[in-house]
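# Examination of the molecular architecture
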Amino acid sequence: MRDIRIIGIDPGLRRTGWGVIDTDGVRLGFVACGSVVSDYVESLGARLRQIFDGLTQVLARLEPAEAAIEQTFVNRDASATLKLGQARGIALLVPALSGLLIAEYAPNAVKKTVIGVGHGDKGQIRAMVKCLLPRASFDSTDAADALAIAITHAHSRSWRRLEALALGAAP
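What this report covers is the structure whose coordinates are included nearby. Just so we're clear, the structure is a prediction, and the values are computed from it rather than from any experiment. (Residues numbered from 1 in each chain as written. Predicted model: local features only at pLDDT ≥ 70, side-chain atom pairs only at ≥ 80, totals over all residues. Heavy atoms only, no water.)

A count of helices and strands for the chain gives five helices and five strands. Starting at the N terminus and ending at the C terminus, the chain contains elements arranged as β-β-β-α-β-α-β-α-α-α. A sequence separation of at least 24 residues applies to 58% of the contacts in the chain between residues at least 6 apart. Total accessible area on the chain is roughly 9100 Å²; 54% of this is exposed by carbon and sulfur atoms. In the chain, which carries 20 positive and 17 negative side-chain charges, the distance between the mean positions of the two groups comes to 2 Å. (Helix = DSSP H or I, 4+ residues; strand = E, 2+ residues; numbered from the N terminus. Contact = heavy atoms within 4.5 Å. Areas by Shrake-Rupley, 256 points an atom, 1.4 Å probe, with all protein chains shown as cover. Lys, Arg positive; Asp, Glu negative; His and termini not counted. Charge placed at Lys NZ, Arg CZ, Asp CG, Glu CD.)

Spatially, five strands are ordered E3-E2-E1-E4-E5 in an open sheet, and the strand pairing comes out mixed. The open sheet terminates on both sides in strands that have one partner only, identified here as strand E3 (28-37) and strand E5 (101-105). Strand-to-strand, the axes of this sheet are offset by a mean angle of 20°, without reference to chain direction. Bridge count between strand E2 (residues 15-23) and E3: nine bridges; the pairing is antiparallel. Note that in E3 the partner of Thr 23 across the bridge is Leu 28. (Pairing = 2+ DSSP bridges. Axes fitted to C-alpha atoms, helices over the stretch in contact; angles between N-to-C directions.)

On to the nonpolar core, then. Judged by nonpolar contacts, the single largest core of 22 residues is most densely connected at Ile 21, Val 129, Leu 133, Phe 138 and Leu 147. Going through the elements one at a time, strand E1 (4-10), E5, helix H3 (107-115), helix H4 (122-132) and helix H5 (141-166) are the ones with two or more residues in this core. Per-element tally for this core: the top contributor is H5, with eight residues. Aside from chain neighbours lying at most four places away, what touches Ile 21 is Ile 4, Arg 5, Ile 6, Leu 28, Gly 29, Val 31, Leu 133, Leu 147, Ala 150, Ile 151 and Ala 154. Among the nonpolar cores identified, the runner-up in size contains 20 residues, and Val 20, Ala 32, Leu 59 and Leu 100 belong to it. (Core = buried A, V, L, I, M, F, W, Y, C linked by side-chain atoms within 4.5 Å. Buried < 20%, exposed > 50% of the residue type's maximum accessible area, 1.4 Å probe, protein only.)

Let us now look at the packing of H3 against H4. Axis separation between H3 and H4 bottoms out at 9 Å; the angle between their running directions is 50°. The orientation of H3 relative to H4 falls into the category oblique. Taken as a pair, H3 and H4 cross one another with a handedness that is left-handed. In this structure, H3 uses Lys 111, Val 114 and Ile 115 to contact H4, whose residues at the interface are Gln 124, Ile 125, Met 128, Val 129 and Leu 132. The residue inventory of the contact of H3 with H4, partitioned by class, reads six nonpolar, one polar and one charged. (Parallel < 35°, antiparallel > 145°, perpendicular 65-115°, else oblique. Left-handed = near helix turned anticlockwise from the far one by under 90°. Nonpolar A, V, L, I, M, F, W, Y, C, P; charged D, E, K, R; others polar.)

Under the counting rule described, the total for this entry stands at six salt bridges. Across the salt bridge formed by Arg 27 and Asp 24, the nearest N and O atoms sit 2.5 Å from each other. Residue class for Arg 27 comes out exposed when judged on its relative accessible area of 58%. Between Lys 122 and Asp 145 there is a salt bridge whose closest N-O contact spans 2.5 Å. (Salt bridge = Lys/Arg side-chain N within 4 Å of Asp/Glu carboxyl O.)

Structure below.
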């Protein structure tokens, strides 16, 4: 199996984390990670454009083949949820415009994959990402979360491939 490059995206209006890994189906390799930060004094439209431009540059530079994005959850603040949804829309749009396969994962699924349980804190995720990708260095929790999302997708791809082999289908 050849290496596949995956970008994980943790959408946010203030900071959208991204993390890129390579996987051959068994091994994971750290490529890069970071955050796209929007300027909070700008209008909503300008901030969304900053996220769009930043993610577009990351995809152009690192050329992932697939994308994985965290699903959002609804919180008590409807206005914040709506703004997060708009940032998430940009996070879905950029890889879609590049023709990438996009997978979506619930936050609990990411936590269960990376730390073994569906409920955990950001520190546990950071620590496990560092264990799984020892060369990774991240500047924010958002970048670590994005790498966790990419790792979740890599593991999900492996399970789907094994399932296909077990059922006698082409991988």
